[in-house]
Amino acid sequence: MFFIKVENIKSCILLCGGMSRRMGKDKGSLIINKKPMIIHILETLNHQIDELVIVLNDSDRIARYKYIIQQYENSSNTNNINNTNNIMKEFNNSYSYSIQFVEDEIKNKGPLSGIYTGLKHISSDYTLVIPCDSPYIDADFLIAMFKIKNQILTDLQNIDAFVPSYGLTSDINCYNNKDNDIEIRLKSFEPLHSIYSKNIINSIKKLLDSDVLDLKSLLKEVNVYFINIDENFSKKSFKNLNKMDDLKL
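This one's a predicted model, so the numbers in the text were calculated from it and none came from an experiment.

Engineer: So what's going on with the pattern of salt bridges? Residues and values would help.
Structural biologist: A full pass over the atoms with the stated rule returns six salt bridges. Among the ionic pairs, Lys 120 bridges to Glu 105, the shortest N-O distance being 3.0 Å. Residue Lys 120 is located in the loop between helix H4 (111–119) and strand S6 (126–131), and its partner Glu 105 is located in the loop between strand S5 (98–103) and H4; the two are separated by 15 residues in the primary sequence. Assessed through its relative accessible area of 38%, Lys 120 is described here as partly exposed.

Right under this line is the structure:
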């Protein structure tokens, strides 16, 4: 059996636990270009990561997402999608990475809770976090994020988060407890398209216990490497579909 060293594992957390209030219906199951939104993301992740943790807010939604994914696979393979045994089988035959479904440990606390739950289930020390409503994430974004993380960690071992940000003149290493410009750098950033260290689990738990739920507060507590979006990524990868009107674009 082939084993990957922990430091070489590429992990990803996919956040699917949102309430979708503005959309009015579950986002991940919405059809975009003849595919459920989540399928676009899973296909882009193929051959780019080793493990995926999908975080949902309850067991009913976990069952629903398993059904959606397997139904699409069976339909694509011209199998009988009415066979419930086929529908609920594992997905490892279709994707190059393992898939694990987990339920939010702390309910109704937003994406911070989803990141907390996901970090407790990954095998690696760092993980990319992405939302289920960004179907236009591309492979170049994934490759660049992991590459930048690996390059920076060869020189700096104490980075807790790698966060794409707008309006930077260059990539910036920010030791937040000592940096007076942190508010400026957090004005326009993409915390749900970022890489986080497992070391911040306790920091997240303290915020959740205090009912502080915004990701900006988390990033003020940890060491962040801000990545210049304009120099490194296509902005399309950060496009979120939040309203029904967004589907027309």
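Engineer: I'd like to hear about the nonpolar core, residue by residue, with values.
Structural biologist: In this structure, Leu 14, Ile 38, Leu 52 and Ile 54 are the most contacted members of the largest nonpolar core, which totals 42 residues. Per element, the largest residue contribution to this core is eight residues, and it comes from helix H5 (residues 139–153). The contact partners of Leu 52, leaving out residues within four places of it in the chain, are Cys 12, Ile 13, Leu 14, Leu 42, Leu 45, Tyr 97, Ser 98, Ile 99 and Gln 100. Judged by nonpolar contacts, the second largest core, of 30 residues, contains Val 102, Val 129, Ala 161 and Ile 172.

Engineer: Explain H4 residue by residue, including any values.
Structural biologist: Burial of H4 is extensive: eight of the nine residues sit out of reach of the surface. Burial in H4 covers these residues: Leu 112, Ser 113, Gly 114, Ile 115, Tyr 116, Thr 117, Gly 118 and Leu 119.

Engineer: Which residues make up the packing of aromatic side chains, and what are the values?
Structural biologist: With the rule as written, the count across this model stands at seven aromatic pairs. Seen in terms of ring centroids, Tyr 166 and Phe 238 are 6.4 Å apart; in terms of plane orientation they differ by 65°. Their pairing is edge-to-face. Linking Tyr 166 in the loop between strand S7 (161–165) and strand S8 (172–175) with Phe 238 in the segment after helix H9 (229–232), this pair joins segments that are 72 residues apart in sequence. Using a relative accessible area of 24% as the deciding quantity, one classes Tyr 166 as partly exposed. In this structure Phe 238 comes out as buried when scored by relative accessible area, which is 4%. Cation over ring: Lys 236 sits above Tyr 136, and NZ or CZ is 5.0 Å from the ring centre.

Engineer: Describe the state of the cysteines, listing the residues and the values that go with them.
Structural biologist: Here, the word disulfide means a covalent bond between the sulfur atoms of two cysteines. Applying the stated criterion across every chain, the model contains zero disulfides. Just so you know, Cys 12 is unpaired, no disulfide at all, and the nearest cysteine sulfur is the one on Cys 16, 9.9 Å from it. Cys 132 takes part in no disulfide bond, and the closest cysteine sulfur, belonging to Cys 16, lies 4.2 Å away. Note on Cys 132: relative accessible area 7%, which makes it buried.

Here is what the cut-offs are and how they apply
Residues numbered from 1 in each chain as written. Predicted model: local features only at pLDDT ≥ 70, side-chain atom pairs only at ≥ 80, totals over all residues. Heavy atoms only, no water. Salt bridge = Lys/Arg side-chain N within 4 Å of Asp/Glu carboxyl O. Helix = DSSP H or I, 4+ residues; strand = E, 2+ residues; numbered from the N terminus. Buried < 20%, exposed > 50% of the residue type's maximum accessible area, 1.4 Å probe, protein only. Core = buried A, V, L, I, M, F, W, Y, C linked by side-chain atoms within 4.5 Å. Contact = heavy atoms within 4.5 Å. Phe/Tyr/Trp six-rings, centres within 6.5 Å; stacked < 30°, edge-to-face > 60°. Lys NZ or Arg CZ within 6 Å of the ring centre and 35° of its normal. Disulfide = S-S within 2.5 Å.

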